[in-house]
Every structure is written in C-alpha cells, then in structure tokens.
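Secondary and tertiary structure notes
Spelled out from the first residue to the last, the chains are:
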Amino acid sequence: MPSSLTEKQILRNAVLAKRDALTPDFRDKAARTIAENYADDLNIQSGQVVSGFWPIRSEIDPRPVLNMFRERGALICLPVILNKTQICFRFWQEDQALVPCGFGTMAPDQTAPTLRPDVMLMPLAGFDKSGHRLGYGAGYYDRYISNLHNQGHFPELIGFAFSCQELPSVPDEQHDVPLEKIVTENGLRFF
Ligand SMILES: Nc1nc2c(c(=O)[nH]1)N(C=O)[C@@H](CNc1ccc(C(=O)N[C@@H](CCC(=O)O)C(=O)O)cc1)CN2
Ligand SMILES: Nc1ncnc2c1ncn2[C@@H]1O[C@H](COP(=O)(O)OP(=O)(O)OP(=O)(O)O)[C@@H](O)[C@H]1O
C-alpha cells in the first residue's frame, strides 16, 4: 500500500537519525550490558543454529553475545546477500575470515555451509510495543522467514536493538512477520 510505504520511510528516517546520534561509548556499553545481563535469558542451547549479523551503519553490535552463544555450543551463522531479493545464512566458525557481502556487510564465503537458523537475532531500524519490526525496507528478512514458514520451519525471532529504536507504532503490513522477543540495553521483552 503506497500510503503505508511512505509512512514507513518517514518513520525509518526519524528512528535511524536517533540511532545514528548515539555516542560510540554508549553503543559499546549497550552491547556489553546485553551480553553480561540479558544474554542468559535468551536460553540458547548447545547445538542450536543461531543467526546473528555483522553490524552496519549504527546498528547495535551483536558480536559479544554471539561469542557467548558460540562458547556454549551454538552454531553461529551470518546473513549473506545473494541478490536483490534473497539472503541465506552461512556457518561462521571462530576466527574464520569474512568477505564483503554488500551494503557494508561481511559474511563467510561460499565455501562455508549454508545453515537454517533455529533462532534469529534480527537487525532492525525500529520496533513497537507489539513486536512489529521496521527494517531497511528491502524485505529480505520477511521473505526469508516466510519461505521457512512455508517449509514448516518456525525459527524463534528475537529483535536486537537499542531502546531508543522503539516507536509508538510500526505500520503492520500483511507480509511483516512479528518478533517474539526483543533485547535492548534495558532488558528482554516478550510480545
Ligand atoms: N547488519 C545487517 N546485515 C544485514 C541486514 C541488516 O539489516 N543488517 N539485512 C536486512 O535485511 C540484509 C541486508 N539488507 C540491507 C538492505 C538495505 C540496505 C541499505 O543500506 N539500503 C540503502 C538503499 C540502497 C539502494 O539505494 O539501493 C538505504 O536504505 O539507504 C542495507 C542492508 C542482510 N544483512
Ligand atoms: N514474503 C514476502 N514476499 C514477497 N515480497 C515481500 C515479502 N515480504 C516483504 N516483501 C516486499 O519487500 C518490500 C519491503 O518490505 P518492508 O518495507 O516490510 O521491509 P523491511 O521489513 O523494512 O525490510 P527487511 O525485512 O529487509 O529488514 C516490500 O515491497 C514488500 O512487498
């Protein structure tokens, strides 16, 4: 719906400006606070496939949390941009070199196995109190998750963000897949 797309773009610009304004010190502390205080509550089990992301722009850095999960036996994977509509996730082993993958992202090269996440730590521009997520507007995650749902696989979806990215309301379109949880420097919330 064109009116809804316009509204999403306005919200995206406003919330990204807030995220861009956070200081480097605040960002580092937020990423460490989540790892130290809230990562345990996400209850990741050994053997689970967990997708993270390589932070771009002013995104929160999930790497401290991903390292913890890896130490506890989770298999960590990162998104790879395949083309204008599709992403996949490749296994990221400790100390494995990454290659540039578009839009500033880094990911394992094509020799790394493709994995299907059981738990997805989702990057986002904004979120609201009902768990609706606003991305960069490319629809990559919504499309990927809808394909998994069609295959009968329902990963747990966890937003990973700064608390200042909360919006009063994100327009909910039919293709938007809601989050189950969100973790910010202020704690873990369930929807
Ligand atoms: N860290 C991270 N990795 C990720 C995502 C993400 O949101 N964060 N993605 C989540 O989907 C996928 C990449 N999606 C992206 C989509 C758009 C833009 C972007 O910067 N778009 C430009 C417009 C580009 C153009 O003009 O064509 C923009 O919004 O200004 C970046 C990543 C996979 N990897
Ligand atoms: N399951 C889907 N199948 C086909 N097209 C889709 C699907 N999900 C989203 N899209 C398309 O992707 C575009 C962007 O959607 P939207 O604005 O919701 O992206 P976003 O959630 O901000 O981005 P992302 O999922 O990449 O983080 C829209 O044009 C939408 O029609």
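Structure: above.
Computed from a prediction, not measured in an experiment: that's the story for all the values here. (Residues numbered from 1 in each chain as written. Chains lettered and ligands numbered in written order. Predicted model: local features only at pLDDT ≥ 70, side-chain atom pairs only at ≥ 80, totals over all residues. Heavy atoms only, no water.)

Side note on the site of ligand 2
The cut-off we apply is this: Near residues are defined by distance, with any heavy atom within 4 Å of the molecule or strand qualifying the residue. In protein, a polar contact requires one atom able to donate a hydrogen and another able to accept it; more generally it is a pair of N or O atoms within 3.5 Å, and residues adjacent in sequence count only if both atoms are side-chain atoms. Space inside and on the surface of the protein is sampled on a 1 Å grid over the protein atoms alone, with a cavity defined as a set of points where a 1.4 Å probe fits but cannot get out and a pocket as an open set with protein on both sides within 12 Å along at least 5 of 7 lines; lining residues have an atom within 4 Å of a point. Throughout, a molecule is located in a cavity or pocket provided that more than half of its atoms lie within 2 Å of its grid points.
Near ligand 2 there are 15 residues, and of these Lys 8, Arg 133, Gly 135, Tyr 140 and His 175 occur at the shortest range. Between Arg 12 and ligand 2, the recorded distance is 3.3 Å, taken from a side-chain N or O atom to an oxygen atom. Measuring from a nitrogen atom of ligand 2, one finds a side-chain N or O atom of Ser 146 at 3.5 Å. Its atoms largely coinciding with the cavity grid, ligand 2 occupies the largest pocket.

Quick word on the environment of Arg 19
The condition that has to hold: Numbering of helices and strands starts at the N terminus; helices are DSSP runs of H or I of at least 4 residues and strands are runs of E of at least 2. Here's how the labels work: a residue is buried when its accessible area is under 20% of the maximum for its type, exposed when over 50%, partly exposed in between, all with a 1.4 Å probe on protein chains only. What makes two residues a contact is simply this: any of their non-hydrogen atoms within 4.5 Å.
Note on placement: Arg 19 falls in helix α1 (residues 2–20). The class for Arg 19 is buried, based on a relative accessible area of 1%. On a C-alpha basis, the gap between Arg 19 and Gln 48 in space is 30 Å, while along the polypeptide they are 29 residues apart. Not counting chain neighbours up to four residues away, the residues in contact with Arg 19 comprise Arg 27, Ile 56, Arg 57, Ser 58, Glu 59, Leu 124, Ala 125, Tyr 136, Phe 162, Cys 164 and Gln 165. A distance of 3.1 Å separates a polar side-chain atom of Arg 19 from the backbone oxygen of Leu 124.

Description of the site of ligand 1
What counts here: Using a 1.4 Å probe, accessible areas were evaluated by the Shrake-Rupley method; residue-level cover was limited to the displayed protein chains. When residues are grouped by polarity, Ala, Val, Leu, Ile, Met, Phe, Trp, Tyr, Cys and Pro land in nonpolar, Asp, Glu, Lys and Arg in charged, and all others, Gly among them, in polar.
In the neighbourhood of ligand 1, 15 residues make up the surrounding shell, with Trp 54, Arg 57, Glu 59, Phe 103 and Tyr 141 lying closest. Residue Trp 54 places a main-chain N or O atom 2.7 Å away from a nitrogen atom belonging to ligand 1. Arg 57 places a polar side-chain atom, nitrogen or oxygen, 2.7 Å from an oxygen atom of ligand 1. Within the complex, 69% of the 690 Å² of free accessible area of ligand 1 lies under protein. According to the grid-proximity analysis, the pocket containing ligand 1 is the largest pocket. Of all the secondary-structure elements, those providing two or more residues to the shell around ligand 1 are β2 (75–81) and α4 (140–150). In the shell around ligand 1, the residues fall into twelve nonpolar, one polar and two charged.

Remember, this is a structural readout, not a statement about activity or role.
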